[in-house]
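Here's the letter readout for the chains.
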Amino acid sequence: MLETRQKLGLIAGNGKFPFLVLDAARAQGYDVVIAAIKEETFPEIESKGAASVHWLSLGELSKLIDTFKREGVTRAVMAGQVKHKQIFSAIKPDWRLAKLLLALGTRNTDSLLGAVANVLADEGIMLENSTALLEPLLAKAGVLTKRGPSEQETKNIDYGRAGAPPLAAADHGHTRVIAENAGVAVQSHEGTDATIERAGAIMRSLESGGATAMLSRALTVVKIAKPAQDMRFDVPVIGVATIDAMKRAGASCLAVDAGRCLLLDGDAIVRVADEAGISVCAG
């Protein structure tokens, strides 16, 4: 009798993250059943070797459950971003999700996805940590680049970390951009790279003279996980695009949480940062 390969469900959002999970799962012998979100998932997912790909819209929770049950999926991971505005403005919930939304005490991304995970578990489908197959890509503690943070950058990091947890706990401020021990920009729902670019625009808008003339315009980016980060979804990620955004904004240092931030492009991030003279560290 032929051995049946174990199945893994993949709820795929946008970006590279789902592709990394798919590759890692296949390399470890899983048959991957993908639930691809029509509004988010890159169409290239169709050609990457999944056992099957099923397209569904945001809000089709019953279809997601029925699909996984029909395919014999009992374990699943969620990978890739689903934009906040999609979840709370563009979503057209089916009866099951509508019932769940009405029962939510707090209407934010974490509470919604946590409730979805509970519903899946009730149906015999366990949602696991999205980084479980990608441990080598989690940031290791220490300085990752050739250059470590300068004295001023270290002060900026300390300032950013000191004020970040309360904001992050409230689902804001996962990225803070600092200059000369002062906050320049705090992430809302626009994402890390857009927050960095906004900080760069703010710095460029400042007058070159006056009291700020002698202050450094170099920005330090601090990206943190939530105090009780649920690694099943909404995992902090950075990529080469983050370093590119930093270069455009005039940022010189990036600090992330060790073990809780995914380096989407692996060693390429460090290489690009080194070429730009940007320090990257994890603590």
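Rules and cut-offs
Residues numbered from 1 in each chain as written. Predicted model: local features only at pLDDT ≥ 70, side-chain atom pairs only at ≥ 80, totals over all residues. Heavy atoms only, no water. Helix = DSSP H or I, 4+ residues; strand = E, 2+ residues; numbered from the N terminus. Buried < 20%, exposed > 50% of the residue type's maximum accessible area, 1.4 Å probe, protein only. Contact = heavy atoms within 4.5 Å. Areas by Shrake-Rupley, 256 points an atom, 1.4 Å probe, with all protein chains shown as cover. Disulfide = S-S within 2.5 Å. Axes fitted to C-alpha atoms, helices over the stretch in contact; angles between N-to-C directions. Parallel < 35°, antiparallel > 145°, perpendicular 65-115°, else oblique. Left-handed = near helix turned anticlockwise from the far one by under 90°. Nonpolar A, V, L, I, M, F, W, Y, C, P; charged D, E, K, R; others polar. Salt bridge = Lys/Arg side-chain N within 4 Å of Asp/Glu carboxyl O. Pairing = 2+ DSSP bridges. Polar contact = N/O pair within 3.5 Å; in protein donor to acceptor, adjacent residues only side chain to side chain.

Which residues make up the overall build of the protein chain, and what values do they have?
Summing up its helical and strand segments, the protein chain has nine helices and 13 strands in all. The proportion of buried residues among the 283 residues of the protein chain is 49%. In the protein chain, the share of contacts with a sequence separation of at least 24, taken over all contacts with a separation of at least 6, comes to 69%. In the form shown here, the protein chain has an accessible surface area of approximately 13200 Å², with 55% of it arising from carbon and sulfur atoms.

Explain the state of the cysteines residue by residue, including any values.
Taken as a whole, this structure holds zero disulfides when the rule is applied. No disulfide involves cysteine 281; its nearest neighbouring cysteine sulfur is the one of cysteine 253, lying 4.8 Å away. For cysteine 281, a relative accessible area of 11% puts it in the buried group.

If you had to explain the packing of helix H8 (residues 240-249) against helix H9 (residues 267-276) to someone new, which residues and values would you point to?
At a closest axis distance of 8 Å, the pairing of H8 and H9 adopts a crossing angle of 15°. Between H8 and H9, the angle falls in the class roughly parallel. Pair H8 / H9 crosses with right-handed handedness. Taking contact as the criterion, the partners of Val240, Ile243, Asp244 and Lys247 in H8 are, on H9, Ala268, Ile269, Val272, Ala273 and Ala276. Taken together, the residues that form the contact of H8 with H9 break down as seven nonpolar, no polar and two charged.

So what's going on with the pattern of salt bridges? Which residues, and what values?
For the structure on display, the rule yields 11 salt bridges. In this structure, glutamate 153 engages arginine 147 in a salt bridge whose closest nitrogen and oxygen atoms are separated by 2.9 Å. With a relative accessible area of 29%, arginine 147 lands in the partly exposed category. Look at the salt bridges and you will find they share partners, linking Lys69, Arg96 and Glu123 into a network.

Lay out the sheet that holds strand S3 (residues 52-56) in plain terms, naming residues and giving numbers.
Strand order across the open sheet formed by five strands is S3-S2-S1-S4-S5, with parallel pairing between neighbours. Each end of this open sheet is capped by a strand with a single partner; those strands are S3 and strand S5 (126-128). Averaged over all adjacent pairs, the angle separating strand axes in this sheet is 25°, with direction ignored. Relative to S3, strand S2 (residues 31-37) is paired through five bridges, and the arrangement is parallel. By the bridge assignment, valine 33 is partnered in S3 with serine 52.

Describe H8, listing the residues and the values that go with them.
Turning to H8, its buried residues are Val240, Thr242, Ile243, Ala245, Met246 and Ala249. Packed against the buried residues of H8 are helix H7 (192-205), strand S9 (219-223), strand S10 (237-238), strand S11 (251-256), H9 and strand S13 (279-282). Looking at the residues trailing H8, positive phi occurs at glycine 250, about 85°.

An account of the sheet that holds S13 is requested, with residue identities and associated values reported.
Strand order in the open sheet made by the six strands is S6-S13-S11-S9-S7-S8, with mixed pairing throughout. The open sheet has two edge strands, strand S6 (142-143) and strand S8 (182-186), and neither has a second partner. Pairing geometry for S9 and S11, over four bridges, is parallel. Along S11, the bridge assignment pairs threonine 220 with cysteine 253. Of the strands in this sheet, S9, S11 and S13 are in contact with H8, which crosses S11 at around 145°.

Could you give me a rundown of the pairing of S13, with the residues and numbers involved?
Judged by which residues are buried, S13 turns out to be covered on both faces: Ser279 and Cys281 on one side and Val280 and Ala282 on the other are all buried. As paired elements, S6 and S13 share two bridges and run antiparallel to each other. In the strand pairing of S13, valine 143 is matched with cysteine 281. As paired elements, S11 and S13 share four bridges and run parallel to each other. From the neighbouring strand, alanine 255 faces S13, where its bridge partner is cysteine 281.

Break down the side chain of threonine 41 for me, citing the residues and quoting the values.
Mapping threonine 41 onto the fold places it in the loop between S2 and S3. Here the side chain of threonine 41 touches alanine 12 through a polar contact of 2.6 Å, landing on its backbone oxygen. A polar contact is formed between the side chain of threonine 41 and the backbone nitrogen of isoleucine 37, at a distance of 2.8 Å. For threonine 41, the residues in contact, after removing those within four places along its chain, are Ala12, Gly13, Ala36 and Trp55.

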